[in-house]
Amino acid sequence: MKFLKRRTALMALGSVAAATMAGQALAQQTVTLRLHQMLPQQATIPARALVPWAQKVEAESGGKIKVQLFHAMSLGGSPPQLFDQARDGVVDLTWTVLGYTPGRFNKSEVFELPFMSGSAEESSRAFQEYVEKYAADEFKDVKLIAVHTHGPGLFHTKTPVTGLESLRGMKVRGGSRVINNMLTKLGATPVGMPVPAVTDALSKGTIEGTTIPWEVTPSLKVTELVKNHTTFAGKQGLYTQTFAFSMNKASYEKLPADLKAVIDKNSGIETAAFFGRAMDEGDKVGHDIAVKAKNNIVALDAAETQRWRRTAATVETDWINEMKGKNIDGAKLVSEARALIAKYQR
């Protein structure tokens, strides 16, 4: 009897030891996370944000997390499908534009409204806090790493845009339904498409101009395809777009606690600001390339910019009324977004 008891005790100890060793092995093994995004590797966010983020995560995990990057939709699908690729576990991580899936991120759209924000770093901090407070439900199906915006949006066109009148009837690419509505109100003919399609569309004459920030112009060769760029007076740009860097929930949950902590440390407002800062730095690069190419940069003065603001103001009214129909207090969200942008504005 004593022998059996001793044997049972030893077996139990052996099971505990085996479980402990298995747990240690799990904690020690390398985890590879696949990250999929839409832009060429040399574009601003891949080069200045995603790659550094991956390197930081790998270093802080002691090499236990490896991030494998797949650029320019190389794993298949289209940019509007990227958010769902993270949600559904097709890949572990994705970075994408929220406006590519119209009507899905209703509360997040407020940051796309005309003349809402300027500096990408400042507005990315504001947008991250806004989402955490007012729109977290829109990201409940993923582990959200961060959201952010780009810097001031502007026009890049084949013929100069020197005032509202010169925009009328021009076929201009817009990146979301809110931006397309703005283009319509301003008198242009909006043509919706994801940003990777802009180069081909400009080359073929499908569009006569595009709304994008400076930062993405080099990777899309925009300053070679058009020679005119129109900017606006004041701190706020014509518009901005919103982005999400998301992780599959199951990919996150199966990580051991120490590796979850690494992901958590590299999520949230400072990561949002890091991505926004990359956008601001990229804007300087894109602008300088246009200057060096001796392109025509039209800087609209305060009076003309005010005309654009007045004309575009109805976009905000449209959005608030539309949100009301979805039982969302759009006016309150606009007010909260502006307050957060002011909070982080230097």
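Quick notes on the rules
Residues numbered from 1 in each chain as written. Predicted model: local features only at pLDDT ≥ 70, side-chain atom pairs only at ≥ 80, totals over all residues. Heavy atoms only, no water. Helix = DSSP H or I, 4+ residues; strand = E, 2+ residues; numbered from the N terminus. Contact = heavy atoms within 4.5 Å. Areas by Shrake-Rupley, 256 points an atom, 1.4 Å probe, with all protein chains shown as cover. Lys, Arg positive; Asp, Glu negative; His and termini not counted. Charge placed at Lys NZ, Arg CZ, Asp CG, Glu CD. Pairing = 2+ DSSP bridges. Axes fitted to C-alpha atoms, helices over the stretch in contact; angles between N-to-C directions. Phe/Tyr/Trp six-rings, centres within 6.5 Å; stacked < 30°, edge-to-face > 60°. Buried < 20%, exposed > 50% of the residue type's maximum accessible area, 1.4 Å probe, protein only. pLDDT = per-residue confidence, 0-100. Expected span 1.5 Å × (residues − 1). Bend = angle between axes of the 7 residues up to and from the residue.

Summing up its helical and strand segments, the protein chain has 14 helices and 11 strands in all. With the C-alpha coordinates of the protein chain rotated into their principal frame, the extents come out at 100 × 45 × 35 Å. Contacts spanning at least 24 positions in sequence make up 78% of the contacts within the protein chain whose residues lie at least 6 apart. For the protein chain, the exposed surface amounts to about 14,900 Å²; the carbon and sulfur share of it is 55%. In the protein chain, 43 side chains carry a positive charge and 34 a negative one; their mean positions are 6 Å apart.

Moving on: the sheet that holds strand β7 (residues 189-192). If you trace the 6 strands from one edge of the open sheet to the other, you get β7-β6-β8-β5-β9-β11, paired in mixed fashion. For this open sheet the edge positions go to β7 and β11 (296-299), each flanked by a neighbour on one side alone. Pairs of neighbouring strands in the sheet enclose a mean axial angle of 25°, with direction left out of account. Bridging between strand β6 (residues 171-174) and strand β8 (residues 209-212) involves 2 bridges; their strand directions are parallel. Counted as the bridge partner of Arg173 is Thr210 from β8.

This part takes up the packing of aromatic side chains. Taken as a whole, this structure holds 15 aromatic pairs when the rule is applied. Between Phe127 and Tyr130, the aromatic rings sit 6.5 Å apart at their centres with planes inclined by 25°, giving stacked as the arrangement. In this pair, Phe127 and Tyr130 both sit in helix α4 (residues 120-134), 3 residues apart, roughly one turn of the helix. Of the two residues, Phe127 and Tyr130, both sit in the buried class. On the numbers, 5.5 Å between centres and 50° between planes, the contact of Tyr130 with Tyr134 is tilted.

Looking now at helix α6 (residues 177-186). For α6, the complete set of buried residues consists of Val178, Ile179, Asn180, Met182, Leu183 and Leu186. The inward-facing, buried residues of α6 abut β5 (154-157), α5 (164-167), β6, β7, β8 and α13 (302-324). With its phi angle positive at about 105°, Gly187 sits one or two positions after the end of α6.

To continue, consider the confidence of the model for the protein chain. A residue-level look at the protein chain finds 92% of positions with pLDDT of 70 or above and a mean pLDDT of 93. In this model residues 1-27 is a low-confidence stretch, pLDDT under 50, and it forms 4 contacts with partners more than four residues away in sequence or in other chains.

Let us look at helix α2 (residues 44-60). Its 17 residues give α2 an end-to-end C-alpha distance of 23 Å, which sits within 8% of 24 Å, the value for a rise of 1.5 Å per residue. Along its length, α2 shows its largest kink, about 25°, at Leu50, and proline Pro52 lies within four residues downstream of that point. Inspection of α2 places Thr44, Ile45, Pro46, Ala49, Leu50, Trp53, Ala54 and Val57 among the buried residues, and these make up the whole buried set. Within two residues after α2, Gly62 carries a phi angle of roughly 65°, on the positive side.

Here we take up the sheet that holds strand β10 (residues 242-247). The strand order β2-β1-β3-β10-β4 describes an open sheet built from 5 strands, whose pairing is mixed. Each edge of the open sheet carries a strand with a single partner, namely β2 (65-70) and β4 (143-149). The mean inter-strand angle of the sheet, taken between neighbouring strand axes irrespective of direction, is 20°. Bridging between strand β1 (residues 31-36) and strand β3 (residues 93-97) involves 2 bridges; their strand directions are parallel. Looking at the pairing, Leu35 lines up with Leu93 of β3. Packing of helix α12 (residues 269-292) onto the sheet brings it into contact with β3, β4 and β10, and relative to β4 it is tilted by some 35°.

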